[in-house]
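The chain contents come next:
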Amino acid sequence: MEAAFMEGGTTVDKGENARLSSFVGAIAIADLVKTTLGPKGMDKILQRISEHDQTVSVTNDGATILKSVHLDNAAAKVLVDIARVQDDEVGDGTTSVAVLCGELLREAEDLIGQRIHPQTIAEGWRLARKAARGALEASSVDHSGDDAQFRDDLLRIARTTLSSKLLTYEKDYFANLAVDAVMRLRGSNNLDHIQVLKKPGGHLRDSYLEEGFLLDKKIGVGQPKRIEKAKILLANTSMDTDKIKIYGSRVRVDSLNKVAEIEEAEKVRTRRWGFARMRQKCEKIIAHGCNVFINRQLIYNLPESIFTERGVMAIEHADFDGIERLAAVTGGEVVSTFDRPDLVTMGECDVIEEVMIGEDKVIRLGGCKSGEACSIVLRGASSHVLDEAERSLHDALCILTATVKEPRIICGGGCTEVLMAQAIDRQVESTPGKKALAMASFARALRKLPAIVADNGGYDSAELVTQLRAAHASGKSTYGLDMYNGTIGDMIELGVAESFKSKLCVLMSASEAAEMILRVDDIIKCAPRQREQGY
């Protein structure tokens, strides 16, 4: 019927076809990342097939995998979006949120096959979500009042996060490294103050935390390699000799020699004028009282030689991220003009010096005005290892900063999923109507998560999940999966902990996204409007 008044190129999928298309797309995306879940999850190779880009990445990070996949299904794009938001919000749980959403839709597909209306399912899910959230909050603990205990909680969360990453075999070492870096932030939670520098060579164990800021740049030729009590002027300005540009001029000559003579005369005049301007600009910079000049753009030979004569350390080509981060950690501001030194705030640090990392020289800024600054130097056998190590460490840093903001923690290893499912099952018994079936399906979807983790480890998931349910029914509410021994165990004794905020975001985001996809009954695809002739 709609085709009669719609323009050509517009298609409408209705009813069951639209719902089936949404379910199939979302479930397929969830199944794509399902095998990466848990400490025994597998990795994916992401290979670009562009003519100019043949790069390869090896990762098991859910957000990285999903962002790399080009999709044509609307529901699948919703899953990618919630994984991206989870990554931005807390940094961890990106795979869990996509898998839980897919399992909820798989359960919804069965309920719709039983002729239960999507609105009834959504209503039951909302009741189940409320019960699950209550159980999650009741199981959380907060040790932020005790510094030693809180640090131990952060270490346990970091170890749990890294256990499913490339760094799993060095998780104790990197957990300490990440916690030390986050504790230096003193509650500001600004990850710009933590720089991660990748240097190929050595082993992962050779990585270390540098209490200062490292800049992977070079100091100008002939300039001091170490300066104490540094006054730093940060700039984003052109340090090239200006050229006289004459547009639309014509010169008529009768030989090529005369053209060469004119060009040489123009160069001489331009050089004299440009040199004078550049020397004047350098004098204005030095008049600020700085002994270190760091520029986002290149510094050419003439200004470099002027700075060398005056004993000023000049560092060029500190890119945009580098110059902004330097402004944050040294307390300075980035300037482009130098006429008013009284209005400029310069950065400060105790020492700037050149140091060696492996075979490379880098610049170290120690004792920055913002004492929170630090750098993590990652070493590894190849660029692929370093890239995945950086992603793993970034997830750990993000989840730790989120935990500092919201200090409550919960047990990991599938413990909270079974706990939430148990709370929903208790409420199902007193809920009349078809809503109870939807609530029971929500509980089944939650229990699928520990089952998938067990399957990925090569264990009997049915056996382990039933043992876990029996343990929780007998009052052992801190029991979860021990993935290194293939049994169940007490998560507090094993030191497996997760952030409350991360788990809450997984629960809320996955259920809300699944509910949104469930409510779809039409998919309308519109062709782009054609331009009119003459435009």
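Each value, and the rule that gives it
Residues numbered from 1 in each chain as written. Predicted model: local features only at pLDDT ≥ 70, side-chain atom pairs only at ≥ 80, totals over all residues. Heavy atoms only, no water. Helix = DSSP H or I, 4+ residues; strand = E, 2+ residues; numbered from the N terminus. Buried < 20%, exposed > 50% of the residue type's maximum accessible area, 1.4 Å probe, protein only. Contact = heavy atoms within 4.5 Å. Areas by Shrake-Rupley, 256 points an atom, 1.4 Å probe, with all protein chains shown as cover. Axes fitted to C-alpha atoms, helices over the stretch in contact; angles between N-to-C directions. Left-handed = near helix turned anticlockwise from the far one by under 90°. Nonpolar A, V, L, I, M, F, W, Y, C, P; charged D, E, K, R; others polar. Salt bridge = Lys/Arg side-chain N within 4 Å of Asp/Glu carboxyl O. Parallel < 35°, antiparallel > 145°, perpendicular 65-115°, else oblique. Patch = residues over 30% accessible without salt bridge, like charges linked within 9 Å, V, L, I, M, F, W, Y side chains within 5 Å. Pairing = 2+ DSSP bridges. Core = buried A, V, L, I, M, F, W, Y, C linked by side-chain atoms within 4.5 Å.

Participant: Kindly report on the overall build of the chain, identifying the contributing residues and their values.
Facilitator: Looking only at helices and strands, the chain features 16 helices and 19 strands. Taking all 535 residues of the chain together, the buried fraction comes to 47%. Residue pairs at least 24 apart in sequence account for 75% of intrachain contacts in the chain once pairs closer than 6 positions are excluded. Put simply, the chain shows about 26,700 Å² of open surface, and 50% of that area lies on carbon and sulfur atoms.

Participant: So what's going on with the environment of D81? Residues and values would help.
Facilitator: Turning to its location among the elements, D81 is positioned in helix α3 (residues 74–89). The class for D81 is partly exposed, based on a relative accessible area of 36%. The sequence separation of D81 and A513 amounts to 432 residues, and the corresponding C-alpha distance is 9.5 Å.

Participant: Which residues make up the packing of helix α12 (residues 415–428) against helix α14 (residues 461–473), and what values do they have?
Facilitator: At their nearest, the axes of α12 and α14 sit 10 Å apart, and the two run at 65 degrees to each other. Here α12 runs over α14; the crossing is right-handed. In contact with C415, V418, L419, Q422 and D425 of α12, α14 contributes L468, R469, H472 and A473. When its residues are assigned to classes, the contact of α12 with α14 shows five nonpolar, two polar and two charged.

Participant: Quick one: what's the story with the side chain of T95, residue by residue and with numbers?
Facilitator: Following the sequence through the fold, T95 ends up in helix α4 (residues 94–113). The exposure class of T95 is buried, given its relative accessible area of 9%. Ignoring sequence-local partners within four residues, the contact set of T95 consists of V33, T36, L37, N60 and G62.

Participant: Outline the pattern of salt bridges, supporting the account with residue identities and numerical values.
Facilitator: Taken as a whole, this structure holds 36 salt bridges when the rule is applied. Measuring nitrogen to oxygen at the nearest pair gives 2.9 Å for the salt bridge that ties K165 to D395. Of this pair, K165 sits in the loop between α6 (147–162) and α7 (171–184) while D395 sits in helix α11 (residues 383–405); the two residues are 230 residues apart in sequence, bridging distant segments of the chain. For K165, a relative accessible area of 10% corresponds to the buried category. Classification of D395 by relative accessible area gives buried; the value is 3%. Close ionic contact of R205 with E170 constitutes a salt bridge, the shortest N to O distance being 2.8 Å. Of this pair, R205 sits in the loop between β5 (194–200) and β6 (208–210) while E170 sits in the loop between α6 and α7; the two residues are 35 residues apart in sequence, bridging distant segments of the chain. Judged by relative accessible area, which is 47%, R205 ranks as partly exposed. With relative accessibility at 25%, the residue E170 sits in the partly exposed group. Within this structure, D31, K34, E103, R106, E107, R444 and K448 form a network of salt bridges that share partners.

Participant: Run through the packing of helix α13 (residues 435–456) against α14, naming residues and quoting values.
Facilitator: Packing of α13 against α14 leaves a shortest axis separation of 9 Å and a crossing angle of 135 degrees. The angle between the axes of α13 and α14 places the two elements in the oblique class. Pair α13 / α14 crosses with right-handed handedness. Residues R447, P450, A451, A454 and D455 of α13 touch α14, and the partners they reach there are S461, L464, V465 and R469. For the contact of α13 with α14, the class distribution of residues is five nonpolar, one polar and three charged.

Participant: Mind laying out a nonpolar patch on the surface, listing which residues take part and the relevant values?
Facilitator: A cluster of nonpolar side chains, contributed by V253, L256, V259 and I262, occupies part of the molecular surface with about 330 Å² of accessible area. One can find I262 in helix α8 (residues 256–286). Look at I262 and you get partly exposed, because its relative accessible area is 39%.

Participant: Please provide a residue-by-residue account of the sheet that holds strand β14 (residues 374–380), values included.
Facilitator: Within a sheet, neighbouring strands are paired by backbone hydrogen bonds and run either parallel or antiparallel to one another. Spatially, β5-β14-β6 is the arrangement adopted by the three strands of the open sheet, whose pairing is mixed. Every other strand in the sheet has two partners, leaving β5 and β6 as the edge strands with one partner each. On average, each strand axis in the sheet is tilted by 25 degrees relative to the strand beside it, whichever way the strands run. Pairing between β5 and β14: seven bridges, direction parallel.

Participant: Which residues make up the side chain of R156, and what values go with them?
Facilitator: Examined against the element boundaries, R156 turns out to sit in helix α6. Of the residues examined, R156 reaches a relative accessible area of 11% and is grouped as buried. Excluding residues within four positions of it along the chain, R156 makes contact with Q149, I409, I492, G495 and A497.

Participant: Which residues make up the sheet that holds strand β4 (residues 141–142), and what values do they have?
Facilitator: One open sheet accounts for three strands, arranged β4-β15-β18; its pairing is antiparallel. The sheet is open, and its two edges are formed by β4 and β18 (497–499), each paired on a single side. Summarising the sheet, strand β15 (residues 408–411) and β18 pair through three bridges and their orientation is antiparallel. Each bridged residue has a counterpart across the sheet, and for C411 the counterpart in β18 is A497.

Participant: Give me the lowdown on the pairing of β15, citing residues and values where you can.
Facilitator: In this sheet, β15 lies alongside β4 in antiparallel orientation, the contact comprising two bridges. By the bridge assignment, V141 is partnered in β15 with I409.

Participant: A description of the environment of L298 should follow, citing residues and the corresponding values.
Facilitator: Mapped onto the fold, L298 is located in the loop between β9 (292–295) and α9 (301–309). Residue L298 is classed as partly exposed on the basis of its relative accessible area, which comes to 37%. Considered as a pair, L298 and I315 are 17 residues apart in the sequence and their alpha carbons are 8.8 Å apart. Apart from the residues lying within four places of it in its own chain, the contact partners of L298 are M239, E316 and H317.

Participant: Give a detailed account of the nonpolar core, specifying residues and quantitative values.
Facilitator: Counting residues in each nonpolar core, the largest one holds 68 residues, and the members touching the most others are W125 and I424. Counting residues per element, this core draws most heavily on α13, which supplies 11 residues. If we skip the residues at most four places from it in the chain, W125 touches L104, A108, A438, S441, F442, A514, E515 and L518. Core analysis: the second largest hydrophobic core is formed by 32 residues, I157, F174, A175 and A181 among them.

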